[in-house]
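Now for the letters of each chain:
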Amino acid sequence: MTAFAEVIGDPIAQSKSPAIHGFWLGKLGIAAEYRRNHVRSPDLAGYLAQARSLPEWRGCNVTMPHKQAILPLLDRLAPEAERVGAVNTVVPSGDGGLTGHNTDVAGFLEPLRGDLGRSHYFRMARIIGTGGAARAIVAGLAAEGFTIVLAGRDPGKARAILDELAPEGEHHAIDIAHFAGPTDFPFDDREGFLDLIVNASPLGMRGQPPLAFDWSHAPPGSIAYDIVTDPVRTDFLRNAEAAGFRTIDGLSMLIGQAAAAFALFFGTPAPREDDAELRALLRA
């Protein structure tokens, strides 16, 4: 029996996780596989029941729409998953139980570590989206001292997320339409500030509506970060670059969170020295 891990979701064909984990398994010469498994919501409990009985199953990554629905089906949650209230990685334990982890927080923060290691007078993040990934990003940035503006189609849902995950601080929930048109807001001097503009929604993904964001809403010196991976160079990032902003693409978070999951599945660190080659593979 060949050991394997997999990614589950609905839909699942677009997932790049098999390419990432397969690349690392090959580099390390590990005799294991990483698969994709199309699991619909009504079948989630049955999938986990079957997975528990497979000695070769090393765990799974969890994508839309299961990141929160899977919570009551697990035996325990790692602290980060409990704090975020969403799971993107499940691994079996020796007692037959299943533990839920959230590696999205670490994956999102990884390309920002250089910035976060410096002191700032003020940190602000404008985050678009209210799904499972957005929850991880809100939790991660709140812990790093950011004031958060969370935008969604339902500002009430955005407010509830902030109240749950970042109850301290003067955070703001707004309608996503607020960012669609231009603004003449006079930003103050941003020297010593750290400003992020984050698309944590599926808007701009292939097959999804575009994200309407006018870059007059971004303070000078902001970093534009899009977690969408298909396409890698989204219109959101292209427009940010045209406006003179630094950008971070979705592969950064995807590879970072996958590396944390890989160590949980296979008990060894991912070979990150090969990131450039992996990025080229994923963009091909």
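Scroll up to find the structure.
Sequence order as written defines residue numbering, which begins from 1 separately in each chain. With the structure being a predicted model, the display of local features is reserved for residues of pLDDT at least 70 and the display and counting of side-chain atom pairs for 80 or more, all residues being used for whole-chain, interface and lining totals. Excluding hydrogens and water, the side-chain figures rest on all heavy atoms present in the structure.

1. Re the packing of aromatic side chains
1) Next: Classification of ring pairs rests on two measures: the distance between centres of Phe, Tyr or Trp rings, Trp counted by its six-membered ring, which must be within 6.5 Å, and the angle between planes, read as stacked under 30 degrees, edge-to-face over 60 and tilted in between. Considering all chains together, one arrives at 13 aromatic pairs under this definition.
2) Next: Between Phe185 and Phe187, the ring centres sit 5.1 Å apart and the planes meet at 70 degrees, which makes this aromatic pair edge-to-face.
3) Next: Note on exposure labels: buried denotes an accessible area under 20% of the residue type's maximum, exposed denotes more than 50%, and partly exposed covers the range between, all computed with a 1.4 Å probe on protein chains only. The class of Phe185 is exposed, set by a relative accessible area of 51%.
4) Next: On the numbers, 4.7 Å between centres and 65 degrees between planes, the contact of Phe213 with Trp215 is edge-to-face.

2. Regarding the nonpolar core
1) Next: Only buried residues count toward a nonpolar core. Its members are Ala, Val, Leu, Ile, Met, Phe, Trp, Tyr and Cys residues joined through side-chain atoms within 4.5 Å. Phe108, Ile127 and Leu141 are the most contacted members of the largest nonpolar core, which totals 32 residues.
2) Next: Secondary structure elements follow DSSP: runs of H or I no shorter than four residues count as helices, runs of E no shorter than two count as strands, and numbering proceeds from the N terminus. Put simply, the parts of the chain that give this core at least two residues each are α4 (104-109), β7 (122-128), α6 (132-143), β8 (147-152), α7 (155-165), β10 (193-199) and β11 (223-226).
3) Next: Core analysis: the second largest hydrophobic core is formed by 24 residues, Ile12, Phe23, Leu254 and Ala258 among them.

3. Focus on the pattern of salt bridges
1) Next: Should a side-chain nitrogen of Lys or Arg be within 4 Å of a carboxyl oxygen of Asp or Glu, the pair is scored as a salt bridge. Taken as a whole, this structure holds 20 salt bridges when the rule is applied.
2) Next: Measuring nitrogen to oxygen at the nearest pair gives 2.7 Å for the salt bridge that ties Asp195 to Arg190.
3) Next: When the shortest N-O distance is used, the salt bridge between Glu241 and Arg233 registers 2.1 Å.
4) Next: Residue classification places Glu241 among the partly exposed residues on the basis of a relative accessible area of 41%.
5) Next: With a relative accessible area of 18%, Arg233 lands in the buried category.
6) Next: Connected through salt bridges with shared partners, the residues Arg126, Asp188, Arg190 and Asp195 form a single ionic network.

4. As for the sheet that holds β8
1) Next: Strands are treated as partners if at least two bridges between them are detected by DSSP. Taken together, the six strands give an open sheet; going across it, the order is β9-β8-β7-β10-β11-β12, and neighbouring strands pair in parallel fashion. In this open sheet, the two strands that pair with only one neighbour each are β9 (172-175) and β12 (246-248). Here the strands of the sheet are splayed against their neighbours by 20 degrees on average, with no regard to which way each runs.
2) Next: In this structure, β7 lies alongside β10, joined through seven bridges in parallel fashion. Considered in β10, the bridge of Ile128 is made with Asn199.
3) Next: Contacts were defined at the residue level, with two residues in contact if any of their heavy atoms lie within 4.5 Å. Where helices are involved, their axes are fitted lines through C-alpha atoms of the stretch in contact, as for all axes, and angles between N-to-C directions lie from 0 to 180°. Contacting β10, β11 and β12, helix α8 (residues 235-242) runs over the sheet at an angle of about 170 degrees to β11.

5. Observations regarding the pairing of β7
1) Next: Among the seven residues in β7, six count as buried, and that is most of the element.
2) Next: Sheet analysis places β7 next to β8, joined by five bridges and oriented parallel. Across the sheet, residue Arg126 finds its bridge partner in β8, namely Val149.
3) Next: Crossover connection from β7 via α6 to parallel β8: handedness right-handed. Handedness of a crossover is defined as follows: orient the strands so they point away from the viewer, and if the path from the first strand over the helix to the second runs clockwise, the crossover is right-handed.

6. With respect to the sheet that holds strand β5 (residues 89-92)
1) Next: Read across the open sheet, the six strands follow the order β2-β1-β3-β5-β6-β4; overall the sheet is mixed. Here the strands that pair on one side only, and so sit at the sheet edges, are β2 (32-38) and β4 (76-77).
2) Next: Along the sheet, helix α9 (residues 250-266) contacts β1 (3-9), β2, β3 (57-62), β5 and β6 (98-101); its crossing angle with β3, the most-contacted strand, is approximately 160 degrees.

7. Here's the deal with unusual backbone geometry
Among all residues save glycine, negative phi is the norm, and among peptide bonds the norm is trans.
1) Next: With an omega of 10 degrees, the peptide bond between Asp10 and Pro11 qualifies as cis.
2) Next: Among the secondary structure elements, Pro11 is positioned in the loop between β1 and α1 (17-28).
3) Next: The step from Asp230 to Pro231 runs through a cis peptide bond, and the omega angle for that step is 5 degrees.

8. Quick notes on the side chain of Ser222
1) Next: Relative to the assigned elements, Ser222 resides in the loop between β10 and β11.
2) Next: In this structure Ser222 comes out as buried when scored by relative accessible area, which is 3%.
3) Next: Polar contact is defined as a pair of N or O atoms within 3.5 Å, subject to the rule that within protein one atom must be able to donate a hydrogen and the other to accept it, and that residues adjacent in sequence are counted only when both atoms are side-chain atoms. Here Pro219 takes part through its backbone oxygen, which lies 2.7 Å from a polar atom of the side chain of Ser222.
4) Next: Setting aside anything within four residues of it in sequence, one finds Ser222 in contact with Asp195, Ile197, Phe245 and Arg246.

9. Regarding helix α2 (residues 44-52)
1) Next: The complete set of buried residues in α2 reads Leu44, Tyr47, Leu48 and Ala51. For α2, the arc enclosing every buried residue in end-on projection is 95 degrees, short of the 170-degree limit, so these residues lie on one face.
2) Next: Against the buried residues of α2 lie β1, β2, β3 and β6. Think of it as the arc spanned by the lines of direction from the helix axis to the C-beta atoms.

10. Quick word on the layout of surface pockets
1) Next: Each cavity reported here is a set of points on a 1 Å grid over the protein atoms alone in which a 1.4 Å probe fits but cannot get out, each pocket an open set with protein on both sides within 12 Å along at least five of seven lines, and each lining residue one with an atom within 4 Å of a point. Grid points are joined across faces, edges and corners, and a volume is the space filled by probe spheres set on the points. Here the largest pocket defines a volume of roughly 1000 Å³.
2) Next: Residue lining of the largest pocket: 41 residues in total, with Thr63, Met64, Lys67, Ala133 and Ile227 positioned closest to the centre.
3) Next: Every element with two or more residues in the lining of the largest pocket is listed here: β3, α6 and α9.
4) Next: Per-element accounting of the lining of the largest pocket gives the leading share, four residues, to α9.

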